[in-house]
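Understanding the architecture of this molecule
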Amino acid sequence: MRQFLFVGLLILLLLPIEFIMNAQSLAETDLTTINIDDLSDTQIQSYIRQVENSGYTAQQLEVLARQRGMPESEIAKLRRRVDQLSSGGFQTKSTGDARIGGRQGEVGDETEVFGKLANSENLKSLTEAQRKIFGFELFQTDNLTFAPNLNIPTPEDYVIGPGDEIIIDLWGATQLYSSLSVTSEGFIRPENLGPIYINGLLVSEARERITERLSQIFRGLILPVDDPGKIFSQISIGNVRTINVTIVGDVRTPGNYALNSLSTVYTALHAVGGPTEQGTFRNIQLIRNGQLLSTIDVYEFLNTGIQKGNKRLRNGDVIMVKPYQKRVELEGEVKRPGLFELKETETFEDVLLYAGGFKNTAYTSLITARRNGDKEREVVDINQSEFESFELKDGDVFQVTPILDRYKNRVQIEGAIYREGEYELTEDLTLKLLIEKADGLRGDAFLNRATIYRTNEDFSQDALPIDLGALINGEIPDIRLQREDLVRISSIYDLKEEYYVQISGEVAEGGVYPFFNTMTIQDLIVLAGGLTEGASESIVEISRRNKDANLNTQAEIINVQIDKSLSLIQEDRTLVLQPFDQIYIRKSPGYNVQQQVTIEGEVGAPGIYSIARKDERISDIIERAMGLTQYAYPKGAILVRKTEFSSSKSSDEISQEYLQQLRSKLLSGDSEIKNISQQRLIERLEKIENKTNVPSETDVVGARIKKDLIEDVSIQDSLVKDIKIKNEEPVALDLIQILSNKGSKYDFIVRPGDVISIPGRLETVRVAGEVTSPINLRFDKSYTFRDYINQSGGFLISAKKGRSYVQYPNGERRPVKRFLWFKFYPKIEPGTTIFVARKPDRQPVNFQAIIAAAGSIATLALVVDRLSN
C-alpha cells in the first residue's frame with residue numbers, strides 16, 4: 001500500500017500538473033526547487049485519491065524524477081510522508097526552535113533513496129552469466145548502497161556551491177539563528193550585511209569568511225572567551241545542494257541523475273544498477289569539464305577495500321562506462337570461480353589473485369586453458385612456472401582440476417588389532433612392522449590365517465593368505481607391503497556364531513543374555529534379576545542343543561532342583577552352561593497370588609474375600625460373610641462374572657501393581673525424612689516399575705482361543721452378528737437352591753473378579769415397553785400379568801403381545817407362552833420387570849417391485865413354454 005501511495009504522489013509531481021496548477025506541463029515544471037515540506041497532509045491525501053489509474057511503476061517514476069532534477073532529499077521526504085500517512089500518523093510542521101532539528105531534521109534516510117533498482121528481488125533475477133561476472137553483484141544489492149551519510153558533519157574539504165544551505169548560530173551576548181541558501185551567483189545574504197561570496201570555498205574557508213563579516217556588526221565575536229560580551233558562533237552546512245550527473249555507456253539505466261553533492265562515483269553507479277554484462281569494471285572514467293579527472297578500478301576495491309579514484313561528484317560531471325576489453329573465465333578448484341576482467345599487462349597470477357587462490361584440493365602443477373583461435377578452438381597447457389608470464393587472451397577459459405583421489409604411500413589394516421586405519425608406506429615396511437605400528441594384535445585375533453588384499457596396476461585384486469601365527473613366531477619370512485595393500489585380520493568371533501543363553505519363567509527379567517565361559521545357572525539367574533517367589537521348590541529345566549546325530553532326540557533335557565531359599569542345591573551350583581542353552585524356571589505347583597471375589601448387599605459382612613480353594617463355591621462365600629440378613633431377598637440375587645473378553649491380570653501383574661501402590665504410599669508420605677531401609681526400598685521399586693512379564697497362567701492361551709471362537713461365530717453367523725459381548729455379564733442365581741443344596745449344580749464355583757449381589761426386599765413391579773403408561777407398580781400377590789398390564793393402561797396398537805416377557809431380579813427371563821388359542825403368562829415376583837415388545841414397522845407397498853417381479857415371472861413362464869414346445 002505504501003508503495004502505491006508513493007507512486008501516486010510522484011505521478012502528480014511529474015505528469016502535467018492539472019491537479020495542482022492549471023496549464024503547467026512537465027517541461028515547465030521545475031522539480032529542482034520543489035519542497036515537500038510545503039505540502040500539507042490534506043494536500044497529499046487529496047493527491048493520493050487522484051492517481052489510482054496512473055499505470056506507472058516506482059522504478060520508472062524515480063528515474064524520471066531524478067532526470068527532471070528532483071533532489072534525492074525531497075524524494076526521501078516524500079516517501080517518509082507517505083509512510084506516515086499510510087500508517088495512520090499525521091505529521092505537522094514544527095514551529096519550535098529550528099536549531100533542535102538542524103540538518104538532521106531536513107534530510108531523510110538515504111538508504112530509502114539510493115539503490116532502489118538494486119534490491120533483493122533484482123539479485124534473485126540475475127542470470128547465471130551475470131552471477132559469474134566478478135563484481136557484478138556489488139551494485140545489485142541494497143545492503144551496500146554507497147549512499148553518503150547526511151547525519152554527520154559535512155567534511156571540511158566539501159566545496160560549497162549554489163543551493164547549499166548555510167546555518168549561522170550565535171549565542172552568548174547575542175542570540176541569533178539563521179538559515180541561508182547559497183544563491184545561483186554564489187552569495188549568501190545575512191540580515192543587516194551585504195552579500196558574502198562563498199562559492200567554490202571549502203567549509204573551513206567559508207566559515208572564516210562569514211565569521212569575519214559578521215564581526216563587523218557583532219563585535220563580541222572577536223572578544224576574549226572570558227569577556228562578558230563574548231559572542232560564540234557555529235557555522236555549518238544544513239541541506240546540501242542537488243547536482244546533475246550524467247551516466248553513460250554500458251550501464252543498466254544510463255541517463256541524467258539528480259544526486260546530492262556528497263555523492264561519489266560509486267554512489268552514482270549503484271543508483272543506475274551498475275555496469276551491464278558488457279560493461280567494464282576496471283576502467284570507469286570520471287570526466288569533469290571535458291577532462292578525464294580519474295579512473296576507477298572496482299577490482300581494487302573488491303580486493304583491498306580501498307576506493308581509489310572514487311571522487312566526490314560535482315554538478316555537470318560525466319561518468320563513462322566503456323565495454324570491457326579482455327575477460328577470461330576460471331573454473332574448477334578455485335575459491336571464487338567466475339569471469340574476470342583483465343588489463344593488458346595482467347597475467348594468470350593476477351586472475352588467480354582475483355579468484356581467491358587455489359582450493360586445497362587443486363592440482364596446481366598444470367592448468368589447462370581453452371582458447372579461441374583464428375579458425376577454431378585450441379587447448380593450451382600452463383605449467384606452474386609460467387603463471388607470472390603467461391599472456392592471456394580475451395575468452396580464455398582456465399580449468400583447474402582436482403588432485404587424484406588416490407594415495408601414493410598408503411596401506412590399511414583392519415580387524416583384530418588395536419588401532420585400525422591408514423598408515424604411511426615406508427621403504428622397508430613389512431606386515432610385522434605394520435602390526436607393531438597398530439599396537440599389536442588383540443587377544444581374539446585368528447592366528448591361523450590373515451589376508452592381504454593387493455591392488456595390481458590394472459586395478460584387479462589379489463588375495464594373499466598368510467599364516468599369522470607362524471609369521472609372528474618367525475617361522476615364515478616377513479612380507480614386504482606395497483602401495484594400497486589392505487591387511488585383514490579376522491577375530492575368532494567373526495568366524496563362529498555368536499554365543500548366547502536364554503532364561504524364562506519365574507525370574508525378574510527373562511530374556512536372552514550373552515554367554516560367558518564357565519557360566520553357571522546361578523550366574524544367569526543373577527543376571528536375570530533373581531528368582532521370583534513363585535519359583536520356590538520348583539524345578540529348573542535346561543534345554544541343550546543336541547550335537548549327537550545318531551540319537552533320535554531333539555534336545556538334551558537337564559533338570560535342576562531349587563530349594564526354599566531361592567538358590568540352587570549344592571550339587572547343581574557348579575553345573576556349567578553351554579552356548580545356546582535355554583533355561584526354564586518353572587512355577588512352584590500350587591503357587592498363586594491371592595485372588596478376590598466381592599459380595600455385596602444384604603449379607604452380614606459384605607466386602608472383598610480372597611478365594612481360599614479352587615473349588616470354593618458361592619455358598620462358602622456367603623457363609624464366610626455371616627449369611628443373609630433378615631432383609632435379604634434371595635430370589636433377586638445375581639452374579640456378575642467377567643467374560644473371555646475382559647482383560648484379566650496375571651499374577652505377576654497383580655504383584656507389580658501392589659508393589660507400585662507401596663511405592664506411591666512411601667513417596668506420598670508427609671515426612672520427607674526416611675530411613676535408609678525405606679530409601680533402598682523405594683530405589684528397588686523404581687527399578688521394577690516399568691518391567692513387563694509374559695503371563696504365566698496356563699489358561700491364558702485357552703481363554704484367548706475361546707474369545708477368538710466367539711468372535712468368529714459372531715462374524716460368520718448372520719443371526720448373531722449384532723450381539724455385543726461385554727467384559728462383564730450377569731449370571732442368574734437361584735439362591736434358595738444354593739443355600740438349601742450346597743455343592744449342587746446351582747452352587748457355582750467362584751472365579752476371580754466375581755461380584756455376588758444380594759438385594760434387599762423388593763416391593764414394586766415395573767411395566768415397560770408398548771403400554772399406554774410405563775410405570776412402577778406396587779407388588780400384589782393377587783395380581784397377574786394381565787392385571788399389571790391393565791394397571792399401566794393396557795397394550796398399545798403397536799404392541800406385539802405374543803412376544804412379551806418378564807425379567808426377574810436375578811436376571812432370568814420368561815416369555816409369554818401360547819398353545820393353540822390359549823396363552824400362559826409367567827408368574828410375577830417382587831422386583832419383576834414386564835417388557836411388551838413392539839411390532840416391526842411395515843414397509844409400504846412398492847408397486848415397482850411388484851411389477852418387476854411379475855415381469856420376471858412372465859418371462860420365466862415364456863421360457864418354459866418355448867422349451868416345452
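Described in the following lines is the structure provided in the data block. Everything numeric in this text was worked out from a predicted model, so none of it was measured. (Residues numbered from 1 in each chain as written. Predicted model: local features only at pLDDT ≥ 70, side-chain atom pairs only at ≥ 80, totals over all residues. Heavy atoms only, no water.)

1. Digging into the nonpolar core
With 50 residues, the main nonpolar core has L313, I319, L330, F358 and F398 as its most contacted residues. Not counting residues up to four positions away in its chain, the partners in contact with L313 are I243, V245, L259, S261, S263, T264, V265, A268, L286, R288 and I319. One finds I160, I168, L170 and L221 within the second-largest nonpolar core, a separate group that totals 23 residues. (Core = buried A, V, L, I, M, F, W, Y, C linked by side-chain atoms within 4.5 Å. Buried < 20%, exposed > 50% of the residue type's maximum accessible area, 1.4 Å probe, protein only. Contact = heavy atoms within 4.5 Å.)

2. Thoughts on the sheet that holds strand β10 (residues 318-323)
Taking strand neighbours across the sheet as the criterion, the five strands line up as β7-β6-β10-β8-β9 in an open arrangement whose pairing is mixed. Every other strand in the sheet has two partners, leaving β7 (255-260) and β9 (291-296) as the edge strands with one partner each. Averaged over neighbouring strand pairs, the angle between their axes works out to 30° when direction is ignored. Judged from the five bridges that link them, strand β8 (residues 279-288) and β10 form a sheet pairing that is antiparallel. The partner of I287 across the bridge, within β10, is V318. (Pairing = 2+ DSSP bridges. Helix = DSSP H or I, 4+ residues; strand = E, 2+ residues; numbered from the N terminus. Axes fitted to C-alpha atoms, helices over the stretch in contact; angles between N-to-C directions.)

3. Regarding the sheet that holds strand β17 (residues 421-424)
Taken in spatial order, the five strands of this open sheet run β17-β16-β20-β18-β19, and their pairing is mixed. Unpaired on one side and paired on the other, β17 and β19 (461-466) mark the two borders of the sheet. When the angles between neighbouring strand axes are averaged without regard to direction, this sheet yields 20°. Relative to β17, strand β16 (residues 410-415) is paired through four bridges, and the arrangement is antiparallel. Across the sheet, the residue bridging to V411 is Y423, located in β17.

4. Brief notes about a positive patch on the surface
Together, R786, K800, K801, R803, R818, K823, K839 and R842 make up a positively charged patch on the protein surface. No other element matches strand β33 (residues 799-807), which puts three residues into the positive patch. When you line up the elements, R842 lands in the loop between β37 (833-838) and α20 (847-868). (Patch = residues over 30% accessible without salt bridge, like charges linked within 9 Å, V, L, I, M, F, W, Y side chains within 5 Å. Areas by Shrake-Rupley, 256 points an atom, 1.4 Å probe, with all protein chains shown as cover. Salt bridge = Lys/Arg side-chain N within 4 Å of Asp/Glu carboxyl O. Lys, Arg positive; Asp, Glu negative; His and termini not counted. Charge placed at Lys NZ, Arg CZ, Asp CG, Glu CD.)

5. What about the pattern of salt bridges?
Across all of its chains, the model carries 31 salt bridges by this definition. Between R312 and D157 there is a salt bridge; the shortest N-O distance is 3.6 Å. Residue R312 is found in the loop between α9 (298-304) and β10, and its partner D157 is found in the loop between α6 (128-132) and β1 (165-172); the two are separated by 155 residues along the sequence. By relative accessible area, which is 28% here, R312 ends up partly exposed.

6. A look at the environment of R207
Checked against the element boundaries, R207 lands in helix α7 (residues 203-214). The class for R207 is partly exposed, based on a relative accessible area of 29%. The sequence separation of R207 and S236 amounts to 29 residues, and the corresponding C-alpha distance is 7.7 Å. Sequence-distant contacts of R207, that is, excluding residues within four places in its chain, are made with E156 and I235.

7. Structural notes on the pairing of β37
Of the strand pairs in this sheet, strand β31 (residues 764-769) and β37 are connected by four bridges, and their pairing is parallel. When the bridges of β37 are listed, A768 appears paired with F835.

8. Thoughts on the packing of aromatic side chains
Overall, the coordinates contain 18 aromatic pairs when judged by the stated rule. Relative to F387, the ring of F348 lies with its centre 4.9 Å away and its plane at 50°, an arrangement referred to as tilted. Residue F348 is found in helix α10 (residues 348-354), and its partner F387 is found in the loop between β14 (377-383) and β15 (397-400); the two are separated by 39 residues along the sequence. In terms of burial, F348 and F387 fall into one category: buried. The interplanar angle of 80° and the centroid separation of 5.3 Å between the aromatic rings of Y500 and F580 together place this pair among those described as edge-to-face. Here Y500, found in strand β21 (residues 500-505), pairs with F580, found in the loop between β24 (555-561) and β25 (582-585); they are 80 residues apart in sequence, far enough to count as distant. Cation over ring: K230 sits above F232, and NZ or CZ is 5.9 Å from the ring centre. Positioned above the aromatic ring of F580, the side-chain terminus of R545 is 3.6 Å from the ring centre. (Phe/Tyr/Trp six-rings, centres within 6.5 Å; stacked < 30°, edge-to-face > 60°. Lys NZ or Arg CZ within 6 Å of the ring centre and 35° of its normal.)

9. Description of the side chain of E506
Within the fold, E506 resides in the loop between β21 and β22 (511-514). No salt bridge is formed by the buried E506, whose closest oppositely charged neighbour, K587, lies at an N-O distance of 5.1 Å. A polar side-chain atom of E506 sits 2.8 Å from a polar atom in the side chain of T532. (Polar contact = N/O pair within 3.5 Å; in protein donor to acceptor, adjacent residues only side chain to side chain.)

Shape descriptors only; they carry no functional weight alone.
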